Structure formats: structure tokens, C-alpha cells
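# An overview of the molecular structure
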Amino acid sequence: MFSLYNTLHHKKEDFKPLKTGKVGLYTCGPTVYNYAHIGNLRTYVFEDVLKRSLLFLGYKVKHVMNITDVGHLTSDADTGEDKMEKGAKREGKTAWDIARFYTEAFEHDIAELNILPPDIYCRATDYIKEQIALIKKLEKKGFTYKTSDGIYFDTAKFPDYGKMANLKNQELKAGARVDMGDKKNPTDFALWKFSVPQVTVIPTTKEESLSQSITDGDPSSARASLGMTKTESKRQMEWESPWGVGFPGWHIECSAMSVKFLGQPFDIHCGGIDHVPVHHTNEIAQSEAATGIPLANFWVHGEYLLTQNDRMAKSGNNFLTISTLKEKGFDTLAYRFFLLQTHYRKQLNFSWEALEAAQNGYHHLLDAVANCNTSKNSLQGIAQRSPDDTKISKKFTTALEDDLNLPEALALVWDAIKAKTVSQKTLLEFDKVLGLNLADALKSQTTPLPDAVAVLLAQRNEARDRRDFQASDELRAQIEKLGYEVKDSASGTDITKK
Ligand code: AMP
Ligand code: ZN
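Below is a short write-up of the structure.

Cut-offs and rules
Residues numbered from 1 in each chain as written. Chains lettered and ligands numbered in written order. Predicted model: local features only at pLDDT ≥ 70, side-chain atom pairs only at ≥ 80, totals over all residues. Heavy atoms only, no water. Axes fitted to C-alpha atoms, helices over the stretch in contact; angles between N-to-C directions. Helix = DSSP H or I, 4+ residues; strand = E, 2+ residues; numbered from the N terminus. Parallel < 35°, antiparallel > 145°, perpendicular 65-115°, else oblique. Left-handed = near helix turned anticlockwise from the far one by under 90°. Contact = heavy atoms within 4.5 Å. Nonpolar A, V, L, I, M, F, W, Y, C, P; charged D, E, K, R; others polar. Pairing = 2+ DSSP bridges. Patch = residues over 30% accessible without salt bridge, like charges linked within 9 Å, V, L, I, M, F, W, Y side chains within 5 Å. Areas by Shrake-Rupley, 256 points an atom, 1.4 Å probe, with all protein chains shown as cover. Salt bridge = Lys/Arg side-chain N within 4 Å of Asp/Glu carboxyl O. Lys, Arg positive; Asp, Glu negative; His and termini not counted. Charge placed at Lys NZ, Arg CZ, Asp CG, Glu CD. Core = buried A, V, L, I, M, F, W, Y, C linked by side-chain atoms within 4.5 Å. Buried < 20%, exposed > 50% of the residue type's maximum accessible area, 1.4 Å probe, protein only. Domains from an automatic or database assignment. Donors = N, O, S within 2.8 Å, 3.2 Å for Na, K, Ca; no water.

## Digging into the packing of helix H7 (residues 250–262) against helix H8 (residues 276–291)
In the contact formed by H7 and H8, the axes pass within 9 Å of each other and the chain directions differ by 55°. Comparing the axis directions of H7 and H8 gives the class oblique. Considering how the two elements wind past one another, H7 and H8 form a crossing that is right-handed. Residue-level contacts link Trp250, His251, Ile252, Cys254 and Ser255 of H7 to Val278, His279, Asn282, Glu283, Gln286 and Ser287 of H8. Partitioned by chemical class, the residues of the contact of H7 with H8 number four nonpolar, six polar and one charged.

Okay, here's the thing in C-alpha cells:
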């Protein structure tokens, strides 16, 4: 039985899909205002391993991933600038161009990491109608209220609010670090935000060449007293709605789009651990308030990648990308291998030394697979399963089924390689989960047998099948004269260059 840690119930649970043999999987995608950093990519690799494991175990998977191209503000408390508009200002492009550029960069990065693309990518800006419809439903049921800057979800009206994250409203109030604005409760969140002009204030004196952007409604008083000039620009991404021109809050996109493609409830919803207290908590509240049914049965979260014990973040200065790794001479798949060695629910500290060790390990694995000599005619990558193969396959599957225990699965692979008890065929089968492109490595490292040797080997196999051991021994001697060593084992015949 496949067990997964379900954040919703704070324990490992046996996974049972809603429809036999089929899994609906929704993974929260990137906010496309900058490159994904290798911490973000840790989350996507964990989700890929989950998806590949489900496929390996025989499930059909429908995988949906959103692209956040509007509505994610610089503060998770629904204040600050829209990250897309901020990116546009930073690069002197339109918000739409920024979204397109970084979506392509993201697709490129995940392909480099051998992450299987989702069946459906959905951009938040393509499904505004669905998001408005969901907000209207919530309004009708009395879960919303209006403030000066938008339409908010009233978390006090949803008794189970914050259950998954064990949030206690009281504690939040005591912390008092939330920017309340006109909100009724600290945990209330925006469903729709009204457009306000983007105001850029520029100091008029030469010394004060620093320019600063603010987005409040009326900065004119500040302008007068400080001697500033002000330029106003219209928000680039905005839509008509029953509540006025504006844009959706960040969380509503995932509630609307996941259900559009997977129905409600669906099987598994994933994301990084930081999504538990805010983004996923809010998704659950609004989806369940609107329909009275759960959004998803399993909520599965990946832990952080850290650098020097600090979370890697786009806003921090410890931000590394796939390009940085490549510039320093690392294989992207060595980074994937580095990630697989730690369980997805454990924090992982990144360091160049650790990556170098992982790269050595990865190359070692490629060599071991290419030279794996327990298979029949291994130089051509042809192999037969043996009882040993069956044993290790079972253990590998058991490790996967135990909440994706990849470190354990990799340890088994190493042990079997060392003990020469696993065939190439089985290792390539395992690679369907590992995603380390072992087959490609094999192609580039495998030398085909010369024709003369291949013919003799085929004749010898026939002689052995006839139990003509004298002919078989003579043929072996001829093969050895051509520089190849032949060994017979329970798993078949193995041939290697001397
Ligand atoms: P974003 O593009 O900021 O919306 O984040 C994309 C994904 O990366 C989300 O699932 C986040 O939870 C995840 N994430 C953000 N920072 C980290 C980190 N340091 N380690 C692992 N995952 C992260
Ligand atoms: Zn989401």
C-alpha cells in the first residue's frame, strides 16, 4: 500500500484514489516575475518524484500546474506591490512580457531537471472568469466583505479556518505583525483587489536621485513637502468585475483552476511547506466555504532548501539558479541526484561541497550502470531478470510506497550494484522514478559488440540452449581470442571487454 504524509491530518495515510487507478494531481506553480531558484526547483523535483512514483505503481495521473502571472503581492498579507508589475518596472518591460519570459525560463529549467511537464499548464490570467464566479459564490453565501482596497474573505465565518496549519487566531493577534488595513481579522485575505494607479515618486533635487515607487491612493501630500515629481501609470493587468476594475487575489486562482480541471474533491494537492499556513489554508477555506466539500483529499508538502541554514528566497541574496550551477561546471542532473538523497520532508542545506560530492556520486552511478556486468550481454544493454532483480525491485517499490523514501531506494540501488545483484534492465526501470537519464548515459558509454563477436556469442547461446557444452566451450575460447570475456550466471550470460 502506498502511504503518504498528509499534512491535512498530520500523519502518514494509505493513499486511495477517488477513482480506481486514476490520480488527479495539482501542484502550485511558479510566480513568473523572476527565474526559479534552486530552492523552488527542489519542490518541483519532489512533486516530480511523487508523480513518477504514482506512474511506476501503475496509476494514470492527470497533472495540473498553475502559472501565477497576476495577483501575488510582495507581502503574503495582501499588501505591497504585485510581483509581476514590480518585475516589469525592474526590467522596463510590460508585465505581460515578464510573465511570458519567465514562464519560458521555468519550462526550460524543469526540462533540464528531467521533470515531466504537467498535462495542463494554466495561467491565472486566462481564467479570470472562473475566479470571479467563485468569488460571487462566496459573496452569495455571506463569506465576503468589502474594504477600501478590495473584497476580502471573512475567516471568522469559517470555523475550521487554519486547521491544517494548526493556526490559532489568538496567537496571530498577539503577534500583531500583520498589516491589517481595513481587514476585520488578521487572517482575512483578498479575493479581489481594486486597481489603483501605480505611482512613481522621483526626488526633484539632483542629490536625491533615488526613485521610489509607492502604490497608495493619494501620495500628493508627500510630494508637496519633499519636493518630488510624481508620475502615475495605470496598472497593466486589470479586469472588469462586479466589484469594480481590479485583479484577483493570489489564492483564488488555485481554487478555481484546480477544480475546473480536476473536479472537487480531487486526489492530491502539493506545494512547498511555506504554502501551509497561508496559501493552502486560504485555498481550503474559500473552496470549502463555497461548496461544502473538501478541495483535495491529500495535501503533500516539500521542505525547504536552505543555504547556510537560511531559507533560499527570491527576495534574499542567497538566490542560486540552474544557470549558476551550470556556469560553475555542474550537471543539472547532479543537482537532481543531490536532492534525491534527502527525504522530501527534511530540510536540506545546499553547499558547493555537497553538490560536488553528489556530482561524483552521480557520475559513479552512471559508470556503474554502463558497466553493470550481471546482465546478459550487458555491453548491448540487454538483460534478463533474475531472482535477485525481483527481490531488489520489491524492496525498491516498498521504499517508494513508504512516503517516497528515495534515500532508502537509492541506498538499495548502491548495495545491489556493489553486490552485482541487479541488471541494467532493472536499473533502467528504477530510473523511471529517479529521472536521472541513466539510459542516455548508457547510450553514450556503451560500445557495441564487434559483428564477429556478436555472431559467435549468438552461436554460443544456441549451443547452450541445446546443452551442447563442448561447442559452447569452443565458442567461448574463440570469443576470448577476440579480446572478450564470457561469464555465465543465474541471470544469463555476461560479456565484457578484457
Ligand atoms: P513561488 O514561485 O515563489 O510561488 O514558489 C514556487 C514554489 O517554490 C512554491 O511551491 C514554494 O513553496 C516553493 N519554495 C519557495 N522557496 C523554497 C525553498 N527555499 N525551498 C523549497 N521550496 C521553496
Ligand atoms: Zn496555489
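## A closer look at the pairing of strand E6 (residues 79–82)
Relative to E6, strand E5 (residues 73–75) is paired through two bridges, and the arrangement is antiparallel. Bridge assignment links Ser75 to a residue of E6, and that residue is Thr79.

## Observations regarding a positive patch on the surface
Residues Lys19, Lys22, Lys60 and Lys62 make up a contiguous surface patch of positive charge. Among the structural elements, Lys62 can be located in strand E4 (residues 60–67).

## Describing the sheet that holds strand E19 (residues 348–350)
Here three strands make up an open sheet; going across it, the order is E18-E17-E19 and the pairing mixed. With partners counted over all chains shown, the strands left at the sheet margins are strand E18 (310–311) and E19, one partner each. Bridge count for strand E17 (residues 305–307) against E18 is two bridges, and the pairing is antiparallel. Paired with Thr307 across the bridge in E18 is Asp310.

## Topic: the nonpolar core
Residues Ile268 and Tyr335 are the most contacted members of the largest nonpolar core, which totals 69 residues. Counting the residues that make up this core, at least three belong to each of domain 1 (3–193 + 239–302) and domain 3 (352–446). When sequence neighbours within four positions are dropped, the list of residues in contact with Ile268 reads Leu4, Phe15, Val23, Gly24, Leu25, Tyr26, Leu50, Leu54, Phe298 and Val300. With 53 residues, the next largest nonpolar core counts Val32, Leu134, Leu138 and Tyr161 among its residues.

## Digging into the pattern of salt bridges
Enumeration according to the criterion identifies 18 salt bridges in this entry. In this structure, Glu91 engages Arg90 in a salt bridge whose closest nitrogen and oxygen atoms are separated by 2.8 Å. When its relative accessible area of 27% is taken as the criterion, Glu91 is described as partly exposed. You can call Arg90 partly exposed: its relative accessible area is 43%. The salt bridge involving Lys260 is made with Glu130; its shortest N-O contact spans 3.3 Å.

## Let's talk about the coordination of the zinc ion (ligand 2)
Protein-derived ligands of the zinc ion (ligand 2) are Cys28 (SG), Cys254 (SG) and His279 (NE2), with the metal-ligand distances lying across 2.0 to 2.2 Å. Read in sequence order, the donor residues coordinating the zinc ion (ligand 2) give the pattern C-x225-C-x24-H. With a gap of 25 residues between them, Cys254 in helix H7 and His279 in helix H8 connect regions that are remote in the sequence. Each member of the pair, Cys254 together with His279, is buried.

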